[in-house]
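# Structural features, examined
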Amino acid sequence: MTDPNSPPACVEIHDLTVSYDKKPVLWNIDVSFPEGELIGVIGPNGAGKSTLIKAVLGLIPADSGWVRVYGEPLARQRRLVGYVPQRESVDWDFPVTVRDVVLMGTYGRLGLLQRPGKIERDLADRCLADVGMADYRDRQISNLSGGQRQRVFLARALAQQSKVYFMDEPFVGVDAATESAIIALLRTMKREGRTVIVVHHDLQTAPDYFDSILMLNMRLVAFGPTATVFIPELLQKTYGGRLTILTEAAERVAGTRR
Amino acid sequence: MARFWSFQDGSVRTSAAAMLLLGVSCGSLGCFVVLRRLSLVGDSLGHAVLPGVCLGFMVTWSKNPLWLFVGATVTATIASLLIGTIQRNTRLKPDVAMGLVLSGFFGVGLMLLSLIQNDSRGGQGGLNQFFFGQAAAISAKDLMLIAGVTAVIVAGVVVTFKELAVSSFDEGFAASLGLPTRRIHYFLMALTGMAIVISIQAVGVVLLSALLITPAATALLLTDKLPRMVMLSVLFAAFAGIVGLNVSSLSAEVLNGFLDVVLTQVGRSGLELSASRMSTSPPTGPVVVLILAMTFLTALVFSPRYGVATKLFRRWIRVRAVRNGMGGASE
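None of the values given here were measured: they were computed from a predicted structure.

Here we come to a nonpolar patch on the surface. Residues and elements named next belong to chain B. A cluster of nonpolar side chains, namely Val59, Leu66, Trp67, Val70, Val74 and Ile78, defines an oily patch on the protein surface of about 520 Å² accessible area. With five residues, helix 4 (residues 65-89) is the largest single contributor of residues to the nonpolar patch. Mapped onto the elements, Val70 comes out in helix 4. According to the relative accessible area criterion, Val70 is partly exposed, its value standing at 35%.

Given below as structure tokens:
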């Protein structure tokens, strides 16, 4: 099945099974992500999209299976992997400024007792400029809008200077300007040879944004180039049941957007 | 009063140094306890040390600081493990688990305490100081223990500051960096347990959590930077500790003399005067907590950014500006 012309796999997931309270939420996920692509992860609510990301990153324990990053176990490749969690997962009243948050992206490279210095601060400022948030550097994070918070999280991920990124719903609840800023940023990252795996909700934009799409509904439904997998049959299989489900889902998504 | 602040008296010096060190320990750890929403854990551990203190006392039937420390540490550890076990293995939520453990351990502690006090062996004098604290009773030996533990806590917080900060803000992200977030949590809990144990003599088990929570909460109202929050919290905790020690160590006479002057100034009758006289000096715990509460209230009202009065004032300015602007437009 492997095409000799395809780029090397940067993330290899083998036989991954995860359960919450003994109830399985992911079954035997077996997939390899090619390097240098923008990859969308889609599926209905409760399909295990966030769980997949968290299990791959080792944030929740897996019942079985393993994950390799550039051929090595994740524990040895932490610095190659960046992460953008869901915005709601943190307390935005925490006493830190925008730049403090971005600096956290450099903590993986700093040892105990080592504090971020001038090099790290300059890097953080550059990352903030890349997401258009340079003017907000010294703001406390609770004063930011949803879109601005998402940009801060992206800047923090950029400061990690990783090769592979996992992003959990970065497009949810952001303004149109932020959405286009994020997609422009993702494309820049791709041009730099980085791989970005994005959990995504919006079926209308998915085919425009991603080179490859992974369809998930507790099991892996399909993974491949967008043109070959983003087809009614597979969408139906992912979202279940009736023929109209695709249009229904698209309408629902369109309806909830602002 | 002047005699206190000259620190001539050796025992005053000892207690004041102890309050300062406790302020450093509890003030700094309290910030992380508050930011991680573990305030109730502090309270639970505070109550859970009582049986340990009693058992530690029963080893030698004297207030040997080392045995008290060991006993308190053991029961605090058991309590925190128990809270974790209940949470993981039942459908009960964390607040319930903590409530159960807190009251259960405190109950056992109270029973042991009554056993000790009815015993004929003696030496139990002053054990009930552990309820509300009596900082004046801190001995040179106690101070050495407090200083040693504080040194460990300060070193622990300084070395892992960055890791504590990032895992408190975003635990998932911290774990994705490869930080051992679970171990960081238990490390913080262990340090907090140690801070609680050394604070018992000074503020007592009942009000212990206030020394952890109130200074940190006050500091959070005043700053948006974590290092500054820690510094302010330490400052408030040490300030309340030393001033509280001063107030409670003033002899009953001095306090009554002070009351005489105040009440004469406001023109009360002699009868009321005698009624308001104090017979003994109050325990340190409540006095310290009272001072902490007053600093918190001050910050709550007057904090430059989040104060209630400040917000009202800013609103008033805005409303006035709008009104003036409208008035100008209509003219």
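What follows picks up the thread again.
Quick look at the sheet that holds strand 1 (residues 9-20) of chain A now. Residues and elements named next belong to chain A. Taken in spatial order, the four strands line up as 2-1-4-5 in an open sheet, and their pairing is antiparallel. In the strand order of this sheet, the two ends are held by strand 2 (23-34) and strand 5 (72-73), each with one partner. Examined bridge by bridge, strand 1 and strand 2 share eight bridges and lie antiparallel to one another. Note that in strand 2 the partner of Ile13 across the bridge is Val31. Helix 1 (residues 49-56) contacts strand 1, strand 2 and strand 4 (64-69) of the sheet and is inclined by roughly 115° relative to strand 1.

For the rest of this paragraph, the subject is the confidence of the model for chain B. Overall, the predicted model of chain B reaches an average pLDDT of 85, with 87% of residues at or above 70. Averaged pLDDT values for the elements of chain B fall to 50 in helix 14 (residues 270-275) of chain B and rise to 96 in helix 8 (residues 161-169) of chain B.

Here B:Ser168 shows up in helix 8. A distance of 2.6 Å separates a polar side-chain atom of B:Ser168 from the backbone oxygen of B:Leu164. Beyond its immediate stretch of four places on either side in the chain, B:Ser168 contacts A:Phe94, B:Phe32 and B:Arg36.

With 29 residues of chain A in contact, the opposing surface of chain B contributes 26 residues. When chain A packs against chain B, close to 2,400 Å² is buried across both sides, 68% of that on carbon and sulfur atoms. It is A:Phe94, A:Pro95 and A:Tyr107 that lose the most area in chain A upon contact with chain B, and together they represent 26% of the buried surface on that side. At the surface where chain A touches chain B, the tally comes to three salt bridges. The closest approach of N and O atoms between B:Lys225 and A:Asp100, which form a salt bridge, is 3.8 Å. Inspection of the chain A/chain B interface yields seven residue pairs in polar contact (both at pLDDT 80 or more). For the side of chain A that touches chain B, the elements supplying multiple residues, two or more each, are helix 2 (98-103) and helix 4 (146-159) of chain A. Tallied by class, residues from the side of chain A that touches chain B come to 16 nonpolar, eight polar and five charged.

Criteria and cut-off values
- Along every chain, residues carry numbers that run from 1 in the direction the sequence is written.
- Written order determines the labels here, with chains lettered from A and ligands numbered from 1.
- With pLDDT at 70 or above as the cut-off, local features in this predicted model cover only qualifying residues; side-chain atom pairs require 80 or more to be listed or tallied, and sums for whole chains, interfaces and linings still use all residues.
- For the side-chain quantities, the full set of heavy atoms in the structure was used; hydrogens and water were omitted.
- Patch definition: residues with relative accessible area over 30% and no salt bridge; like charges joined within 9 Å; nonpolar side chains (Val, Leu, Ile, Met, Phe, Trp, Tyr) joined within 5 Å.
- Only the protein chains shown count as cover for residues, with accessible areas throughout obtained via the Shrake-Rupley method and a probe of 1.4 Å.
- Here, a salt bridge means any Lys or Arg side-chain nitrogen found within 4 Å of an Asp or Glu carboxyl oxygen.
- Where helices and strands are cited, they refer to DSSP runs of H or I of at least four residues and of E of at least two residues respectively, numbered from the N terminus.
- Only protein chains enter the area calculation, which uses a 1.4 Å probe; residues under 20% of their type maximum are buried, those over 50% are exposed, and those in between are partly exposed.
- We call two strands paired when DSSP finds no fewer than two bridges between them.
- The contact definition used throughout considers only heavy atoms, calling two residues in contact when any of these lie within 4.5 Å.
- Geometry is summarised by axes, namely lines fitted to C-alpha atoms with helices restricted to the contacting stretch, and by angles between N-to-C directions that run from 0 to 180 degrees.
- Confidence of the prediction at every residue is given by pLDDT, a number between 0 and 100.
- Here a polar contact is taken to be a pair of N or O atoms separated by no more than 3.5 Å, where protein atoms must pair a possible hydrogen donor with a possible acceptor and residues adjacent in sequence count only if both atoms sit in side chains.
- Accessible area that two parts lose when put together, with a 1.4 Å probe and added across both, is what the buried area reports.
- Each residue receives one of three labels: charged for Asp, Glu, Lys and Arg, nonpolar for Ala, Val, Leu, Ile, Met, Phe, Trp, Tyr, Cys and Pro, and polar for the others, Gly being one of them.

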